[in-house]
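Chain and residue survey
One letter stands for each residue in the lines below.
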Amino acid sequence: MSSEPWTIERISGALGNPTLTKRFLSEINRAPAHQLLTVFAKWERIAKDTIAAAERGRQLAAYDACGEEPPGPWVDATARTQAIADRSQASGAA
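What you see is a predicted model; the values in this text were computed from it and never measured.

Counted by the stated rule, this structure contains 4 salt bridges. Where Arg23 meets Glu27, a salt bridge forms, and the shortest distance between an N and an O atom there is 3.5 Å. With Arg23 and Glu27 both in helix H2 (residues 18-30) and 4 residues apart, the pair spans about one turn of that helix. The exposure class of Arg23 is partly exposed, given its relative accessible area of 47%. The class for Glu27 is buried, based on a relative accessible area of 17%. Connected via shared salt-bridge partners are Arg23, Glu27 and Lys42.

What follows covers helix H3 (residues 36-65). Along its 30 residues, H3 runs 43 Å from first to last C-alpha, staying within 8% of the 44 Å computed at 1.5 Å per residue. Among the residues of H3, Val39, Phe40, Trp43, Glu44 and Ala47 are the ones counted as buried. Turning to H3, the residues buried within the fold contact helix H1 (8-15) and H2. In the stretch just after H3, Gly67 is the one whose phi turns positive, near 75 degrees.

Time to look at the packing of aromatic side chains. What the rule picks out here adds up to 1 aromatic pair. When the centroid spacing of 5.5 Å and the interplanar angle of 50 degrees are considered together, the rings of Phe24 and Trp43 count as tilted. Linking Phe24 in helix H2 with Trp43 in helix H3, this pair joins segments that are 19 residues apart in sequence. The buried category is assigned to Phe24, whose relative accessible area is 0%. The ring of Trp6 has Arg10 sitting right over it, with the charged end atom 3.8 Å from the ring centre.

So, on to the packing of H1 against H2. Running from N to C, H1 and H2 cross one another at 150 degrees; their axes reach a closest spacing of 8 Å. Judged by the angle between their axes, H1 and H2 are roughly antiparallel. Crossing handedness for the pair H1 and H2: right-handed. From H1, Ile8, Ile11, Ser12 and Leu15 reach across to H2, where they touch Leu20, Thr21, Phe24, Leu25 and Ile28. In terms of residue class, the contact of H1 with H2 is made up of 7 nonpolar, 2 polar and no charged.

This brings us to the packing of H2 against H3. To characterise two packed helices, one gives the angle between the axes of the helices and the distance between these axes. Running from N to C, H2 and H3 point in directions that differ by 165 degrees, and their axes come no closer than 10 Å. By the criterion of interaxial angle, the relationship of H2 to H3 is roughly antiparallel. Judged by the twist between their axes, the crossing of H2 over H3 is left-handed. Taken together, the residues of H3 that come into contact with H2 (itself represented by Leu20, Arg23, Phe24, Glu27 and Ile28) are Leu36, Val39, Phe40, Lys42 and Trp43. Partitioning the contact of H2 with H3 into residue classes produces 7 nonpolar, no polar and 3 charged.

Rules used throughout
Residues numbered from 1 in each chain as written. Predicted model: local features only at pLDDT ≥ 70, side-chain atom pairs only at ≥ 80, totals over all residues. Heavy atoms only, no water. Salt bridge = Lys/Arg side-chain N within 4 Å of Asp/Glu carboxyl O. Helix = DSSP H or I, 4+ residues; strand = E, 2+ residues; numbered from the N terminus. Buried < 20%, exposed > 50% of the residue type's maximum accessible area, 1.4 Å probe, protein only. Expected span 1.5 Å × (residues − 1). Contact = heavy atoms within 4.5 Å. Phe/Tyr/Trp six-rings, centres within 6.5 Å; stacked < 30°, edge-to-face > 60°. Lys NZ or Arg CZ within 6 Å of the ring centre and 35° of its normal. Axes fitted to C-alpha atoms, helices over the stretch in contact; angles between N-to-C directions. Parallel < 35°, antiparallel > 145°, perpendicular 65-115°, else oblique. Left-handed = near helix turned anticlockwise from the far one by under 90°. Nonpolar A, V, L, I, M, F, W, Y, C, P; charged D, E, K, R; others polar.

What follows is the structure, encoded as structure tokens:
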């Protein structure tokens, strides 16, 4: 992971999704001064989690490309994830 300091620009780039970036920028721009650090910290955590998930995905893809099973225990959460997505769509979530 990079040792560069987290900035608004770096968080925006790390989110990797224009809709998410727009939401971040909207929240950070509308936050009152006393809440700026809290909002920034929230989105910094989201950006870090996004980067970590992308790296895990690249690692899994590398094993898959070689036809190998990834090391360690893995839980297949496909059914649970699909159920959450189905509920979200049924409730009209984007």
